Amino acid sequence: MHQPEGFVDSTKYEHVCKLSKAIYGLKQAPRTRFDNLKNVLVNWGFKNTKSDSSLFTLRGTNHITFLLIYVDDIIVTGNNTKFLESFIRQLNDVFSLKDLGPLHYFLGIEVQRDVSGMYLKQSKYIGDILRKFKMKNTSSCPTPMITDKQFTAEGEKLQDPTMFRQAIGALQYLTNTMPDIAFSVNKLNQFMSSPTIDHWQSIKRILRYLQGTIQHCLHIKPSTDLDLVGFSDADWATSVDDRKSMAGQCVFFLGETLVSWSSRKQKVVSRSSTKSEYRALANLAAEIAWTRSLLDEFKLPLPRKPTLWCDNLSAKALASNPVMHTRSKHIEIDVHYIRDQVLQNEIVVAYVPLVDQMPDCLTKALTHTRFSQLRDKLGVTPSPISLKEGIRDKIP
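What counts, and where the lines are drawn
- Residues numbered from 1 in each chain as written.
- Predicted model: local features only at pLDDT ≥ 70, side-chain atom pairs only at ≥ 80, totals over all residues.
- Heavy atoms only, no water.
- Helix = DSSP H or I, 4+ residues; strand = E, 2+ residues; numbered from the N terminus.
- Buried < 20%, exposed > 50% of the residue type's maximum accessible area, 1.4 Å probe, protein only.
- Polar contact = N/O pair within 3.5 Å; in protein donor to acceptor, adjacent residues only side chain to side chain.
- Contact = heavy atoms within 4.5 Å.
- Pairing = 2+ DSSP bridges.
- Salt bridge = Lys/Arg side-chain N within 4 Å of Asp/Glu carboxyl O.
- Patch = residues over 30% accessible without salt bridge, like charges linked within 9 Å, V, L, I, M, F, W, Y side chains within 5 Å.
- Areas by Shrake-Rupley, 256 points an atom, 1.4 Å probe, with all protein chains shown as cover.
- Core = buried A, V, L, I, M, F, W, Y, C linked by side-chain atoms within 4.5 Å.
- Axes fitted to C-alpha atoms, helices over the stretch in contact; angles between N-to-C directions.
- Parallel < 35°, antiparallel > 145°, perpendicular 65-115°, else oblique.
- Left-handed = near helix turned anticlockwise from the far one by under 90°.
- Nonpolar A, V, L, I, M, F, W, Y, C, P; charged D, E, K, R; others polar.
- pLDDT = per-residue confidence, 0-100.

1. Let's talk about the side chain of Thr175
In this structure, Thr175 sits in the loop between helix H4 (162-174) and helix H5 (182-189). The class for Thr175 is buried, based on a relative accessible area of 16%. Within polar-contact distance, the side chain of Thr175 engages the backbone oxygen of Gln172 at 2.5 Å. Setting aside its immediate chain neighbours within four residues, Thr175 contacts Ile181, Ala182, Val185 and Trp261.

2. As for the pairing of strand S11 (residues 257-265)
Across 8 bridges, strand S10 (residues 246-253) lies against S11 in antiparallel orientation. From the neighbouring strand, Val251 faces S11, where its bridge partner is Ser260. Connecting S10 to the next strand, S11, in antiparallel fashion are 3 residues, including Leu254 with a positive phi near 60°.

3. Focus: the pattern of salt bridges
Per the stated rule, a full pass over the model turns up 11 salt bridges. For Glu256, the salt bridge identified is with Lys221, shortest N-O distance 3.1 Å. Remark: Lys221 occurs in the loop between strand S8 (216-220) and strand S9 (229-235) and Glu256 occurs in the loop between S10 and S11; sequence separation between them is 35 residues. Arg370 is paired through a salt bridge with Asp360; the nearest N and O atoms lie 3.4 Å apart. Placement of the pair is Arg370 in helix H10 (residues 368-377) and Asp360 in the loop between strand S13 (348-351) and H10, with a sequence separation of 10 residues. For the pair Arg370 and Asp360, a shared accessibility class is recorded, and that class is buried. Members of the salt-bridge network, linked through shared partners, are Asp233, Asp360, Lys364 and Arg370.

4. Some details on a nonpolar patch on the surface
On the surface, Met1, Leu19, Ile23 and Leu26 cluster together to form a nonpolar patch covering roughly 310 Å² of accessible area. Mapping Ile23 onto the fold places it in the segment before helix H1 (29-43).

5. Some thoughts on the nonpolar core
In this structure, Leu171, Ile203, Leu207 and Leu210 are the most contacted members of the largest nonpolar core, which totals 47 residues. Elements supplying a minimum of two residues to this core: strand S6 (109-114), helix H3 (123-132), H4, H5, helix H6 (197-212), S10, S11 and H10. Discounting chain neighbours no more than four positions away, the residues touching Leu210 are Ile126, Leu171, Leu174, Met178 and Ile181. Listed in part, the 21 residues of the second largest apolar core include Ala282, Ala315, Leu318 and Ile338.

6. Comments concerning the packing of H4 against H6
In contact at an axis separation of 11 Å, H4 and H6 are set at 40° when each is read in the N-to-C sense. Classed by the angle they form, the pair H4 and H6 counts as oblique. Here H4 and H6 pass one another in a crossing that is left-handed. Each of Met163, Phe164, Ala167, Ile168, Leu171 and Leu174 in H4 lies in contact with H6, whose residues at this interface are His199, Trp200, Ile203, Ile206, Leu207 and Leu210. Residue classes in the contact of H4 with H6 are distributed as 11 nonpolar, 1 polar and no charged.

7. Structural notes on the sheet that holds S10
Strands sit in the order S11-S10-S9-S12-S13 across an open sheet of 5 strands; the sheet is mixed. Strands with a single pairing partner mark the edges of an open sheet, and in this sheet they are S11 and S13. Within this sheet the neighbouring strands show an average axis-to-axis angle of 20°, counted without direction. Note: strand S12 (residues 307-310) against S13, 4 bridges, orientation parallel. Across the sheet, the residue bridging to Trp309 is Ala350, located in S13.

8. So, the sheet that holds strand S5 (residues 105-106)
Pairing within the open sheet is antiparallel, and its 5 strands lie in the order S5-S6-S7-S8-S14. Of all the strands in the sheet, the pair left with one neighbour each is S5 and strand S14 (380-382). Both strand S7 (residues 117-121) and S8 contribute to a ladder of 3 bridges, which runs antiparallel. Each bridged residue has a counterpart across the sheet, and for Tyr119 the counterpart in S8 is His219.

9. Things to note about unusual backbone geometry
Phi at Asp148 takes a positive value of approximately 60°, unusual for a residue other than glycine. Secondary-structure assignment places Asp148 in the loop between H3 and H4.

10. Here we look at the confidence of the model for the protein
Per-residue pLDDT for the protein has a mean of 87; in total, 94% of the residues score no lower than 70. Note on residues 387-396: pLDDT is under 50 here. Beyond four places in sequence and across chains, it has 9 contacts.

11. Details of the pairing of S6
The pairing of S5 with S6 spans 2 bridges and is antiparallel. Considered in S6, the bridge of Tyr105 is made with Glu110. Across 5 bridges, the pairing between S6 and S7 is antiparallel. For Glu110, the partnering residue across the bridge sits in S7 and is Lys121.

12. Some remarks on the packing of H4 against H5
Remark: H4 packs on H5, axes separated minimally by 10 Å, with the N-to-C direction vectors making an angle of 145°. Along this stretch, H4 crosses H5, giving a crossing that reads as left-handed. Here Phe164, Ile168, Leu171 and Gln172 of H4 come into contact with H5, specifically with Val185, Leu188 and Asn189. Taken together, the residues of the contact of H4 with H5 break down into 5 nonpolar, 2 polar and no charged.

Okay, structure coming up:
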């Protein structure tokens, strides 16, 4: 660090100070803080999970405790209240903590509960975005994107793309609880380097959609069903500029609870719709494998093999039939990961009709009726609970 003003050594003017500890706000400070906290937890018997380095678990004779860390924000949960209280006091003796009680707000995500489960939403965050871009009093839209809209890099460029990039960055974090806008945000994110006026108008439509769905949330429902189910879909050669395909996937666990989703453009050009669907299926298999490894570390075995649903019969056949070499020899070896999983009897690939394909809204713009139908299936619904003003005032 440069020598502070007023404390410069006149004989060593060009020298800098060597820090003996990390200063809050510097790039290395979060890692240093995490390492210190990790060492303390490991000494207390916690295990750092291999699937997620920020998750720690501790199993005892009469309790199981989970601890999730993000820099200096911590979520602690478990099945033994007395042990949790004593653990928090013990942790407070080593680090200066502030116990905020039951989880209701974490990293901009509001958490609410009732008898039907848990609700995750970002209403306050959406309101801040709308006020920042002066869209608070605009009329709402039923969908975040117009159907059959072709986005290209051609068009009248924005003179100052700063606002566009700020909006994209803000909306990306919002997809943590709103998978219904994941496709729209990802599509416009592809033009960050040189956005046009048409792209900015599409950003404003997303904001108008958020205006009407500001109280929507992701519903996490309790269930006795522990099956792991995944859906994959791809829209072949959807990009006008480079003809790459758009892929979407959803992973469900605990019945109808959505636990993972993504909408992204594939990195290579596919020669057929079968190859794009097959590639999306392989990416879903990798996500399923990661989820299974996390559940294994929780000592939570699955009652049945995970099922992967795909709406392309050719891709399904390609995943389970190793004889089809002539039709797949142009496909990269790493994509055949899905076939190995099927042959090892680790997963099951099944066909689902297009009308029941969950990630359809993650690969293309849809009509209002179809979009609303899939949004409900994903678990994005209006919140039945209104956040009390007293709680809102306590939100940092």
